[in-house]
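Okay, here's what each chain looks like letter by letter:
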Amino acid sequence: MNEGVTGRHDGHIPVPTSDGLTGQVALIAGASRGIGAATAEAFAAAGAAVVLAARDLAALRDLRDRIEAAGGRALAVRADVTSAESMRYLVDRTLSAYGRLDAAFNNATAGPRPAPLTDIDPAEFDLGIATNIRGTFLGMKYQIPAMLASSGGGSIVNMASLAGLTGTANLAAYVAGKAGIIGLTKVAALDYADHGIRVNVLAPGPILTHHLEAAGPEAQRMAGQATPMRRTGTPAEVAAAVVWLCSPGSSFITGTVIPVDGGQSAGFKPPQMYRPGQPMRATAAT
């Protein structure tokens, strides 16, 4: 990895100890790879039983096997987040297998490839909205009653993006979907704050998932240089934030948008500052 992308980060991310999560059950929608899979493994490492949901059952079973080999407990369930019947069944399977639900991470996403707005196929746009907004809505619709009935409360983390806060060219469906997730999160947090349910949302910046890996070294370098920390984040760093938001350490936090973006949402950090009346030196490419 290019030093300009990774900086000095060594890749080791501590997760909350098992003291607060042992005996609890966490559901991860969109768990087959990337951030979802890393979060499932982080929950399991923290002592929770995990329910893995996605469309790719083979990938879920591979993840389940890794978790169980490490001493954790996991259940793989094929699910389509855009289907009310599928999401209801997912929560029912969780309760039948483990008897409770304490935490949920709604991470699934889909949509069109990047393109200017007028070039986007309406059906592809609808898929982006259905997966992000409807999928998050359906997840919470069935997760919240299960948490209230089985555990007397719980914590939900939804997955948005920095793009849902600031906008990104050529990503109309993605930006609209992530902005919608932020709005849904705030409403759900307000609706159930006095019922023992906490709902928060993450807004990651550039994270080194399989998508960015496939884009190649130059895309990774540019993504890393766009952050004040001058590197991309890792799925493990996002996973650690999710687990913390579902732990007792965040017990007074709800309705909050938490960027995981290396400082990108704080503002712009130029490589060097312009001084009036002085020429700016050219900087070497990193």
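Notes on the structure in this doc start here. (Residues numbered from 1 in each chain as written. Predicted model: local features only at pLDDT ≥ 70, side-chain atom pairs only at ≥ 80, totals over all residues. Heavy atoms only, no water.)

**Overview of the sheet that holds strand β5 (residues 154-159)**
The strand order β3-β2-β1-β4-β5-β6-β7 describes an open sheet built from 7 strands, whose pairing is parallel. A single partner strand is all that each edge strand has here, and the edge strands are β3 (74-78) and β7 (257-260). The average undirected angle you get between the axes of adjacent strands in this sheet is 20°. Summarising the sheet, strand β4 (residues 103-106) and β5 pair through 4 bridges and their orientation is parallel. Paired with Ala104 across the two strands is Ile156, which belongs to β5. Together, β2 (49-54) and β3 form the strand contacts of helix α3 (residues 57-69), whose direction differs from that of β3 by roughly 175°. (Pairing = 2+ DSSP bridges. Helix = DSSP H or I, 4+ residues; strand = E, 2+ residues; numbered from the N terminus. Axes fitted to C-alpha atoms, helices over the stretch in contact; angles between N-to-C directions. Contact = heavy atoms within 4.5 Å.)

**Examining the packing of aromatic side chains**
Counted under the stated rule, the structure contains 0 aromatic pairs. For Lys141, the ring lying beneath its charged end belongs to Tyr142, and the centroid distance is 5.8 Å. (Phe/Tyr/Trp six-rings, centres within 6.5 Å; stacked < 30°, edge-to-face > 60°. Lys NZ or Arg CZ within 6 Å of the ring centre and 35° of its normal.)

**What about the pattern of salt bridges?**
Across all of its chains, the model carries 5 salt bridges by this definition. Here Arg64 makes a salt bridge to Asp65, at a shortest N to O gap of 3.3 Å. Salt-bridge contacts for Glu237 lead to Arg231; the nearest nitrogen and oxygen are separated by 2.7 Å. Arg231 shares its class with Glu237; the two are buried. (Salt bridge = Lys/Arg side-chain N within 4 Å of Asp/Glu carboxyl O. Buried < 20%, exposed > 50% of the residue type's maximum accessible area, 1.4 Å probe, protein only.)

**So, the nonpolar core**
Of all hydrophobic cores here, the largest spans 36 residues; its most connected members are Ile28, Phe43, Val50, Leu52, Ile67 and Leu202. In terms of residue count, helix α2 (residues 34-45) provides more of this core than any other element does, 7 residues in total. When residues no more than four places from it in sequence are discounted, the contact partners of Leu52 are Ile28, Ala31, Ala40, Leu60, Leu63, Arg64, Ile67, Ala74, Leu75, Ala76 and Val77. The next biggest cluster of nonpolar side chains, apart from the first, holds 27 residues, and it includes Ala53, Ala108, Met147 and Ala188. (Core = buried A, V, L, I, M, F, W, Y, C linked by side-chain atoms within 4.5 Å.)

**Some points on the packing of helix α5 (residues 122-150) against helix α7 (residues 172-192)**
One way to put it is that α5 packs onto α7 with a least axis distance of 8 Å and a crossing angle of 15°. In terms of axis orientation, α5 runs roughly parallel to α7. For the pair α5 and α7, the crossing hand works out as right-handed. Mapping the contact onto sequence places Phe125, Ile129, Asn132, Ile133, Thr136, Phe137, Met140 and Ile144 in α5 and Ala172, Ala173, Ala176, Gly177, Lys178, Gly180, Ile181, Leu184, Ala188 and Tyr192 in α7. (Parallel < 35°, antiparallel > 145°, perpendicular 65-115°, else oblique. Left-handed = near helix turned anticlockwise from the far one by under 90°.)

**What about the pairing of β3?**
Counting buried residues along β3, 4 of its 5 residues qualify, which places the element largely inside the surrounding structure. Strand direction decides the pairing type here: β2 and β3, joined by 5 bridges, are parallel. Within β3, the position partnered with Ala54 by the bridge is Arg78. Taking the sense of rotation as the criterion, the β-α-β connection linking β2, α3 and β3 turns out right-handed. (Right-handed = clockwise from strand over helix to strand, strands pointing away.)

**Here we look at the pairing of β4**
Of the two faces of β4, both are covered, the one formed by Ala103 and Phe105 as well as the one formed by Ala104 and Asn106. Direction of pairing for strand β1 (residues 25-29) relative to β4: parallel, over a ladder of 4 bridges. Looking at the pairing, Ile28 lines up with Phe105 of β4. Remark: the β4/α5/β5 crossover connection has right-handed handedness.

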